[in-house]
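Analysis of the macromolecular model
One letter stands for each residue in the lines below.
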Amino acid sequence: MKKIMIIGATSAIAESCATLWAKEGCIFFLVGRSQVKIDQLTKKLIIQGAIAVSGFILDINDFEKHQKALDTASDFLGSIDIVLIAHGNLPDQKRCTQSVDLTLREISTNALSTVSFLTITCKYMKNQQKGTISLLSSVAGDRGRGTNYIYGSAKGMLNIFCEGMRQELNGYGVKIVTIKLGFVNTPMTLKFKKGILWRKPQDISKTIITIINHGNGEYYVPGFWRAIMWVIKIIPNFIFYRIKI
Ligand SMILES: NC(=O)c1ccc[n+]([C@@H]2O[C@H](COP(=O)([O-])OP(=O)(O)OC[C@H]3O[C@@H](n4cnc5c(N)ncnc54)[C@H](OP(=O)(O)O)[C@@H]3O)[C@@H](O)[C@H]2O)c1
């Protein structure tokens, strides 16, 4: 019976993963900013087979409450097998370029808040000498693009942060899983025109769970994004700066 803490639990992708986990009979500690959504998800997971579910209401930029969230999760779960960090926000890149405040807020939501949770959960897992910390990151972190480099740089920072943590924790029995997602049809990407590269949360949640169960490293989901990003990364700068992707 897995004991799982999900930060950003109301994310469509996290919810899809949680629904699959619930069928295995897991115990959940859900962190999210909306009491109504957390209550709805709690009911759904219990119906799907979760053994027990508790929630914690937190705006992710309220850093002072992060440790309290983890301590409450630890009290409820006893020990933690899996932490899934799933919150995020797609910034309005154009508006951000006009506002330092907005840019810093987006970096805080997408990177610094996660750095805070990575740091405290890393310390916790190191002490218990077991467990997996998993992060929903993005292919956007692989190369800065004019249309989304605020979001991309936040994700890129997290990818390197996790890589360093993975090396630091080698030998402690703790795994760090970075999931680099491609395009997924969720509330975050509502305004985008969808095409052949797009997936629904239900198409990828089983793969994410398998990776969290067995992996320790960086993974592209779906896997074909590894090839796409390899091509994007090797485009020489003198060409890359002239194209719009
Ligand atoms: N969808 C994609 O194409 C895609 C691609 C690459 C990576 N990702 C990453 O995947 C993760 C999940 O995203 P998703 O696609 O599932 O989007 P989503 O359904 O819109 O979920 C975003 C989540 O972040 C939470 N959140 C945003 N700002 C918050 C704040 N200030 N405090 C607390 N919670 C906050 C939202 O809470 P509410 O429910 O209360 O709004 C929601 O739970 C994100 O980290 C995203 O960057 C997504």
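The sections below set out a description of the structure shown in this document. Starting afresh in each chain, residues are numbered from 1 along the sequence in its written order. Totals for whole chains, interfaces and linings use every residue, but because this is a predicted model, local features are given only for residues with pLDDT of at least 70 and side-chain atom pairs only at 80 or more, for both listing and counting. Only hydrogens and water are removed before side-chain values are computed, so all heavy atoms of the structure are retained for them.

1. Thoughts on the packing of helix 5 (residues 100–128) against helix 6 (residues 149–168)
Two elements in contact, helix 5 and helix 6, have axes separated by 9 Å at closest approach and are oriented at 15°. The orientation of helix 5 relative to helix 6 falls into the category roughly parallel. Regarding helix 5 and helix 6, the two cross each other, and that crossing is right-handed. Contacts between helix 5 and helix 6 involve Thr103, Glu106, Ile107, Asn110, Ala111, Thr114, Val115, Leu118, Thr119, Cys122 and Lys126 on the former and, on the latter, Ile150, Tyr151, Ser153, Ala154, Met157, Leu158, Phe161, Cys162, Met165 and Glu168. Just so you know the grouping, Ala, Val, Leu, Ile, Met, Phe, Trp, Tyr, Cys and Pro go in nonpolar, Asp, Glu, Lys and Arg go in charged, and all remaining residues, Gly too, go in polar. The class makeup of the residues in the contact of helix 5 with helix 6 is 13 nonpolar, 5 polar and 3 charged. All axes here are fitted lines through C-alpha atoms, helices being fitted over the stretch that makes contact, and every angle between N-to-C directions spans 0 to 180 degrees. Labels follow the DSSP assignment, with helices taken as runs of H or I lasting at least four residues and strands as runs of E lasting at least two, numbered in each case from the N terminus. An angle below 35 degrees is read as roughly parallel, one above 145 as roughly antiparallel, one from 65 to 115 as roughly perpendicular, and any other as oblique. Handedness of a crossing follows from how the near helix is turned relative to the far one, being left-handed for an anticlockwise turn of less than a right angle and right-handed for a clockwise one. Contacts are assigned to residue pairs with any non-hydrogen atoms lying within 4.5 Å of each other.

2. Things to note about the packing of aromatic side chains
The geometry of an aromatic ring pair is captured by the separation of the ring centres together with the interplanar angle, meaning the angle of the planes. Only centres within 6.5 Å qualify two rings of Phe, Tyr or Trp (six-membered ring in Trp) as a pair; their planes then separate them into stacked at under 30 degrees, edge-to-face at over 60, and tilted for everything else. For the structure shown, the criterion picks out 7 aromatic pairs. Geometrically, the ring pair formed by phenylalanine 29 and phenylalanine 76 is tilted, given 6.3 Å between the ring centres and 45° between the ring planes. One end of the pair, phenylalanine 29, is in strand 2 (residues 27–32); the other, phenylalanine 76, is in helix 3 (residues 66–77), and 47 residues separate them in sequence. The class of phenylalanine 29 is buried, set by a relative accessible area of 1%. Note on phenylalanine 192 and tryptophan 198: the rings are 6.2 Å apart at their centroids and 35° apart in plane angle, and the pair reads as tilted. Burial classification: accessible surface area is computed with a 1.4 Å probe over protein chains only, and a residue below 20% of its type maximum counts as buried, one above 50% as exposed, and the rest as partly exposed. Taking the relative accessible area as the measure of exposure, phenylalanine 192 reaches 37% and is therefore partly exposed. By way of ring pairs, the aromatic residues Phe183, Phe192, Trp198, Phe224 and Trp225 are connected into one cluster. Two limits define a charge over a ring: the Lys NZ or Arg CZ must be within 6 Å of the ring centre, and within 35 degrees of the ring normal. The positively charged end of arginine 143 is found above the aromatic ring belonging to phenylalanine 240, 3.7 Å away from the centroid. The aromatic ring of tryptophan 198 is capped on one face by lysine 194, whose charged end is 5.0 Å from the ring centroid.

3. Digging into the site of the ligand
Taken together, 27 residues are adjacent to the ligand, and Thr10, Lys37, Tyr151, Val184 and Thr186 come closest. Isoleucine 13 places a polar main-chain atom, nitrogen or oxygen, 3.2 Å from an oxygen atom of the ligand. Under this definition, polar contacts are N or O atom pairs within 3.5 Å; protein pairs additionally need one hydrogen-donor-capable and one acceptor-capable atom, and for neighbouring residues in sequence, both atoms have to be side-chain atoms. At a separation of 2.9 Å, an oxygen atom of the ligand approaches a polar backbone atom of histidine 87. With the chains in place, 91% of the 890 Å² that the ligand exposes on its own is no longer accessible. Of the pockets mapped on this structure, the ligand occupies the largest pocket. Contributing elements (two or more residues each) for the shell around the ligand: helix 1 (12–23), strand 5 (131–138) and helix 6. Here the shell around the ligand takes 3 residues from strand 5, the largest share from any one element. A cutoff of 4 Å decides nearness: a residue is near a molecule or strand if any of its heavy atoms lies inside that distance of it. Residue burial considers only the protein chains on display, and all accessible areas are found by Shrake-Rupley using a 1.4 Å probe. Cavities and pockets were defined on a 1 Å grid built over protein atoms only: a cavity is a set of grid points that admits a 1.4 Å probe from which the probe cannot escape, a pocket is an open set flanked by protein on both sides within 12 Å along at least five of seven lines, and lining residues are those with an atom within 4 Å of any such point. Any molecule with more than half of its atoms within 2 Å of a cavity's or pocket's grid points is counted as sitting in it.

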